[in-house]
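Observations on chain architecture
Single-letter residue listing:
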Amino acid sequence: MLLEDVKNKKEFRGLSDAFVSRVLVSCSGKYDVTDAKQKKMLIKEARAQLRSLYSAFRLPGYQRKEKYLREIEHWGDKASARKILSLHLSTKERLPYYEQLYAKLRKKVSFKSVLDLGCGLNVFSLPWLGYVEYYGIDVNKDDVDFCNAYLQKFGLVGGVRWGDILSVESFVHTDVCFMFKMLEAL
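This write-up is about the structure you can find in this document. All values reported here derive from a predicted model rather than from experimental measurement. (Residues numbered from 1 in each chain as written. Predicted model: local features only at pLDDT ≥ 70, side-chain atom pairs only at ≥ 80, totals over all residues. Heavy atoms only, no water.)

Some points on the overall build of the chain
For the chain, the helix and strand inventory stands at nine helices and four strands. Since a compact globule built from 186 residues should have a radius of gyration of about 16 Å, the 18 Å found for the chain is in line with a globular shape. Burial statistics for the chain: of 186 residues in total, 47% are counted as buried. A sequence separation of at least 24 residues applies to 62% of the contacts in the chain between residues at least 6 apart. A total accessible area of about 10100 Å² is found for the chain, and carbon and sulfur atoms account for 54% of it. In the chain, 31 positive and 23 negative side-chain charges are present, and the distance between their average locations comes to 5 Å. (Helix = DSSP H or I, 4+ residues; strand = E, 2+ residues; numbered from the N terminus. Rg over C-alpha atoms; globule rule 2.2 N^0.38 Å. Buried < 20%, exposed > 50% of the residue type's maximum accessible area, 1.4 Å probe, protein only. Contact = heavy atoms within 4.5 Å. Areas by Shrake-Rupley, 256 points an atom, 1.4 Å probe, with all protein chains shown as cover. Lys, Arg positive; Asp, Glu negative; His and termini not counted. Charge placed at Lys NZ, Arg CZ, Asp CG, Glu CD.)

Things to note about the sheet that holds strand β1 (residues 113–117)
Taken in spatial order, the four strands make up an open sheet running β3-β2-β1-β4, and their pairing is parallel. With partners counted over all chains shown, the strands left at the sheet margins are β3 (158–162) and β4 (176–178), one partner each. Taken over all neighbouring pairs, the strand axes of this sheet differ in orientation by 15° on average, direction set aside. Note: β1 against strand β2 (residues 133–138), five bridges, orientation parallel. Along β2, the bridge assignment pairs Asp-116 with Gly-136. (Pairing = 2+ DSSP bridges. Axes fitted to C-alpha atoms, helices over the stretch in contact; angles between N-to-C directions.)

Thoughts on the nonpolar core
What tends to happen in soluble globular proteins is that the nonpolar side chains get buried as a cluster. Counting 47 residues, the largest nonpolar core has Phe-124 and Leu-126 as the members making the most contacts within it. For Phe-124, the contacting residues outside a window of four places in its chain are Leu-69, Ile-72, Ala-81, Ile-84, Leu-85, Phe-146, Cys-147 and Tyr-150. Counting residues in each nonpolar core, the second largest holds seven residues, with Leu-117, Tyr-135, Ile-165 and Met-182 among its members. (Core = buried A, V, L, I, M, F, W, Y, C linked by side-chain atoms within 4.5 Å.)

What about the pairing of β1?
In terms of burial, β1 is a largely internal element, five of the five residues being buried. Of the two faces of β1, the one lined by Ser-113, Leu-115 and Leu-117 and the one lined by Val-114 and Asp-116 are each fully buried. Across three bridges, the pairing between β1 and β4 is parallel. Each bridged residue has a counterpart across the sheet, and for Val-114 the counterpart in β4 is Val-176.

Some words on the pattern of salt bridges
Applying the stated criterion to the full structure yields ten salt bridges. Its salt-bridge partner being Lys-7, residue Asp-17 comes within 2.5 Å of it at the nearest N-O pair. Pair noted here: Asp-17 is in helix α2 (residues 17–28) and Lys-7 is in the loop between α1 (2–6) and α2, with a separation of ten residues, a long-range link. Residue classification places Asp-17 among the partly exposed positions, given a relative accessible area of 39%. Taking the shortest distance from any N to any O, the salt bridge between Lys-83 and Glu-71 comes out at 3.5 Å. Residue Lys-83 is found in helix α5 (residues 78–85), and its partner Glu-71 is found in helix α4 (residues 65–71); the two are separated by twelve residues along the sequence. (Salt bridge = Lys/Arg side-chain N within 4 Å of Asp/Glu carboxyl O.)

Section: the side chain of Asp-138
Relative to the helices and strands, Asp-138 is located in strand β2. Among the polar contacts made by the side chain of Asp-138, one reaches the main-chain amide nitrogen of Gly-120 at a distance of 2.9 Å. In contact with Asp-138, not counting residues within four places along its chain, are Tyr-54, Gly-118, Cys-119, Gly-120, Asp-143, Val-144, Arg-161, Trp-162 and Gly-163. (Polar contact = N/O pair within 3.5 Å; in protein donor to acceptor, adjacent residues only side chain to side chain.)

A short note on the packing of aromatic side chains
Across all of its chains, the model carries eight aromatic pairs by this definition. An aromatic cluster is present here, built from Tyr-98, Tyr-102, Trp-128, Phe-178 and Phe-180 joined pairwise through their rings. Lys-65 extends its terminal NZ or CZ atom over the ring of Phe-146, reaching a point 5.1 Å from the ring centre. The ring centre of Phe-111 lies 4.1 Å from the NZ or CZ of Arg-106, which sits over that ring. (Phe/Tyr/Trp six-rings, centres within 6.5 Å; stacked < 30°, edge-to-face > 60°. Lys NZ or Arg CZ within 6 Å of the ring centre and 35° of its normal.)

Quick look at the state of the cysteines
What we call a disulfide is simply a covalent bond connecting the sulfur atoms of a pair of cysteines. Applying the stated rule across the entire model yields zero disulfides. Cysteine Cys-177 is unpaired, with the sulfur of Cys-119 as its nearest cysteine sulfur at 11 Å. Owing to a relative accessible area of 41%, Cys-177 belongs among the partly exposed residues under this scheme. (Disulfide = S-S within 2.5 Å.)

The following block contains the structure:
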């Protein structure tokens, strides 16, 4: 099956089937999957798209995130959170701006809960955001489990769900919704 062929590489094993299937469908129109050579080309193109949509965000040292999570002593520990956020391209880009971004947002909108679509590791920005109910959705199971471990470790309200946001039938009701770097991927 094509889905398993694409996910046969370690970097794609944790991705949601719906997300990988969506990428496969977007690539499949120009290939005849009954031809072995074209099937191989389709798999190669789908993996290339998955790398640009997902894998490219993981920076060198990404595997150290587990170690950094163990070192966090309280949920508001900005220094430790900064280490984790710097391992993911999207959150690393926002690191210099979290304080200003969230301060501006709080001036304009009063909120106690957040839904973060395509959250990646953004849950670790909570020290700048402040205490809120945090809900997220991400396509990578390992990242989802990692984010939930942080929320559980400190008894924070919320949770991160595994899946492709285009396949989710309903979303939790929150006051604010984040979609950082998501429009490009959709």
